[in-house]
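Fold and geometry: a report
So the chains spell out like this:
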Amino acid sequence: MSYSLDPCLPLGTLEGAWERIQKGLPSIPLGKKNEIHIVVVGGGLSGSSAAATLAEQGFPVKLITYNDSPRRAHSVAAQGGINAAKRMRKDDCDGVNELFEDTLRGGDFRAREASCRRLAEISSSIIDQCVAQGVPFAREYDGLLSTRRFGGALVSRTFYARGQTGQQLLYGAYQSLMRQVARRRIELLPRRDVIEFIKLNGVIRGVVTRNLLNGKLEVFRAHVVILATGGYSNVYFLSTNSMKSNASAIWRAHKQGAFFANPAFTQIHPTCIPLGGEYQSKLTLMSESLRNDGRIWVPKRNYDKRDPSGISESERDYFLERLYPSYGNMVPRDVASRRAKELCDRGFGVGHDGRSVYLDLRDAIQRKGSEEIKSKYGNLLEMYERITGEDPLSMPMRIYPAPHYTMGGLWVDYNLMSTLPGLFVLGEANCTVHGANRLGANALLQCLADGYFIAPSSINAWLLGQAFSASSREIKHACQDAMENAKKRIDNLINVQGEIPVDTFHRELGELMIKRCGIIRNESGLLAGLEEVKLLEQKFHHQVRIPSENDCPNLELEKALRVADFLELAQLMLLDALSRKESCGAHFREEYQTTEGEALRDDEKYSHIAAWEHVSGSDSIKHLENLSFNLLKLNKRSYK
């Protein structure tokens, strides 16, 4: 039986609501904070910033990460920048309203309005925080911070550090984190993988991890657990995500009662280096910021194999500028990706396999000079040349859409609490602010807003009403049950003793999912995909090959645990896509489009967040969080 979810929205007007709430939140006395234990899972931007902030407030924190250092978290790969409604000059307009509206409209009105408003209001403070930490943002000649445009916006509000913004922001958070490690307020636990959650009387009270160096299962009890483990784009196998990025922690939480929201909302990024070979296992992102100066085009004649230098201006189709004259090359990611795929499918693509379009910096170089272009994008241009062997300053870059970001994730309320009490979910792992399509440069913004500002306040308030003994008999039994469940899962996989490597199954799943639930979806493909994934899952559990050693590093076992979760998650993604009979943002159903080929929403039936409940041995149950819009009325999403 399904029901409507309560997101615990603030009372009264949404403008300034979070500031009002913070002023009224209770605070735990400092002396009692030492008695409370917090576990943070994930060492990226949201996890590191939350751990550092909570430790600064006086809480003992354990930070668990599967990397050997938080510096290797996938946040380090974010390139282009971070949005903020920060006025740099007196004549700048009020950016809070604009950022809020672009975020909500960019998500095609499938995000929670109150959360989007809070994000915009917090954004300026995040830039101040990062500047104080020493993050080397780009600056103008007069010393003021520099900004640039990102997709889905007409104004320049993205702060950046060349093409290394994620890295520099992560290093700022890492400095704060290590300061607390040195003070022994944080215990850093690297090379651990979360296998199970400890649940007592319906409340999450810790985690079970597998030590990746010696195979031992370990128990970490806590009064509250924070999940900050990123997204699940690696369900597609080929993606821009780190090879280690996975959905195991959030999927384990889902199977123990945390609702999974909008799993079909996955973003395919338009500016990625195309696949170079059959056995490639990772795709590389070229920052969306390149679209500020690069023009995207294809030849007007299909199957045109000429060198781009031999194709005259009149023979080029700058299709985004033609279709969307107001936004041009800066349309949102879902729009740019879909249009590029459509043209490649019709034979207008370039490259050896016709699966690319050009991103051309020629006009910008002629106008600004190559030195200025190199100063803005230097490391991106170098990375492209090293991977492809082509100089992007002398010939157009070849790009093609690739799986990148997931807007879906565990459902959380306004306070970032999941449907499992005691489990807070931060950053890309939750579903709050991006709707059906994330606005470019909002990912880093959400991570730091959740970690530095929202979660610490919400967790303080929740903990004040909690009474829990980490040494009670009940919790010992709960830990033992979780350990046994984790050991059983591992033993079941090792005992298969099949002949097919894990990567073979993962690659097949990825090819299946990008075909059935990628840029474009339809009912027949989604139904076929469900059956195909079920068959692949059965084959996996009967034929996968995993070395039996469990007292040492076992990479195949690590991958198998993740692929087993991906196989289950893929089915929920397909089910969610089937149930949403409309097109919105990155969820484009062929059956639901306008005469111009744009997404056709159905606000009467689908103006909601779909949150799925796992039911063991039965079909998942869909619950709804109905969305309402007061500050920005529902309207047609148009970038013409």
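Model, not experiment: these values are computed from the prediction.

The rules we used
- Residues numbered from 1 in each chain as written.
- Predicted model: local features only at pLDDT ≥ 70, side-chain atom pairs only at ≥ 80, totals over all residues.
- Heavy atoms only, no water.
- Helix = DSSP H or I, 4+ residues; strand = E, 2+ residues; numbered from the N terminus.
- Rg over C-alpha atoms; globule rule 2.2 N^0.38 Å.
- Buried < 20%, exposed > 50% of the residue type's maximum accessible area, 1.4 Å probe, protein only.
- Contact = heavy atoms within 4.5 Å.
- Areas by Shrake-Rupley, 256 points an atom, 1.4 Å probe, with all protein chains shown as cover.
- Lys, Arg positive; Asp, Glu negative; His and termini not counted.
- Charge placed at Lys NZ, Arg CZ, Asp CG, Glu CD.
- Pairing = 2+ DSSP bridges.
- Axes fitted to C-alpha atoms, helices over the stretch in contact; angles between N-to-C directions.
- Domains from an automatic or database assignment.
- Buried area = accessible area lost by both parts, 1.4 Å probe.
- Salt bridge = Lys/Arg side-chain N within 4 Å of Asp/Glu carboxyl O.

Right, let's get into the overall build of the chain. Scanning the chain from terminus to terminus reveals 17 helices and 20 strands. Relative to the compact-globule value of 26 Å for 640 residues, the chain shows a C-alpha radius of gyration of 24 Å, a close match. Counting only C-alpha atoms, the chain reaches 80 × 65 × 50 Å along its principal axes. Taken over 640 residues, the chain has a buried fraction of 60%. If you take every contact in the chain between residues at least 6 apart in sequence, the share linking residues at least 24 apart comes to 74%. With an accessible surface of roughly 24,600 Å², the chain has 49% of that area assigned to carbon and sulfur atoms. Each charge class in the chain was averaged separately, 82 positive and 76 negative side chains, and the resulting centres sit 3 Å apart.

Here we take up the sheet that holds strand 2 (residues 61-64). Pairing between the strands of a sheet is mediated by backbone hydrogen bonds and can be parallel or antiparallel. Spatially, five strands are ordered 6-2-1-10-18 in an open sheet, and the strand pairing comes out parallel. The open sheet has two edge strands, strand 6 (186-189) and strand 18 (423-425), and neither has a second partner. Shown here is a sheet whose adjacent strand axes are inclined to one another by a mean of 20°, direction ignored. Both strand 2 and strand 6 contribute to a ladder of four bridges, which runs parallel. Pairing of Lys62 across the sheet is with Glu187, part of strand 6. Across the face of the sheet, helix 3 (residues 45-56) comes into contact with strand 1 (38-41), strand 2, strand 6 and strand 10 (224-227) while running at roughly 170° to strand 2. Against the sheet, helix 12 (residues 443-463) contacts strand 1, strand 10 and strand 18, and its axis sits at roughly 160° relative to strand 10.

Moving on, we get to the sheet that holds strand 4 (residues 147-148). Sheet architecture is open: three strands sit in the order 3-5-4, paired in antiparallel fashion. Unpaired on one side and paired on the other, strand 3 (82-83) and strand 4 mark the two borders of the sheet. Pairing analysis gives two bridges linking strand 4 to strand 5 (residues 158-159), with the strands arranged antiparallel. In the strand pairing of strand 5, Arg148 is matched with Thr158.

What follows is about the domain arrangement of the chain. As far as domains go, the chain holds domain 1 (2-265 + 407-464), domain 2 (268-404) and domain 3 (484-604). Across the contact, 26 residues belong to domain 1 and 31 residues belong to domain 2. Together, the buried faces of domain 1 and domain 2 total about 2,500 Å²; carbon and sulfur atoms form 52% of this surface. If you sort the residues of domain 1 by the area they bury against domain 2, Gln79, Leu238 and Thr240 come out on top, with a joint share of 26%. Between domain 1 and domain 2 we count zero salt bridges in total.

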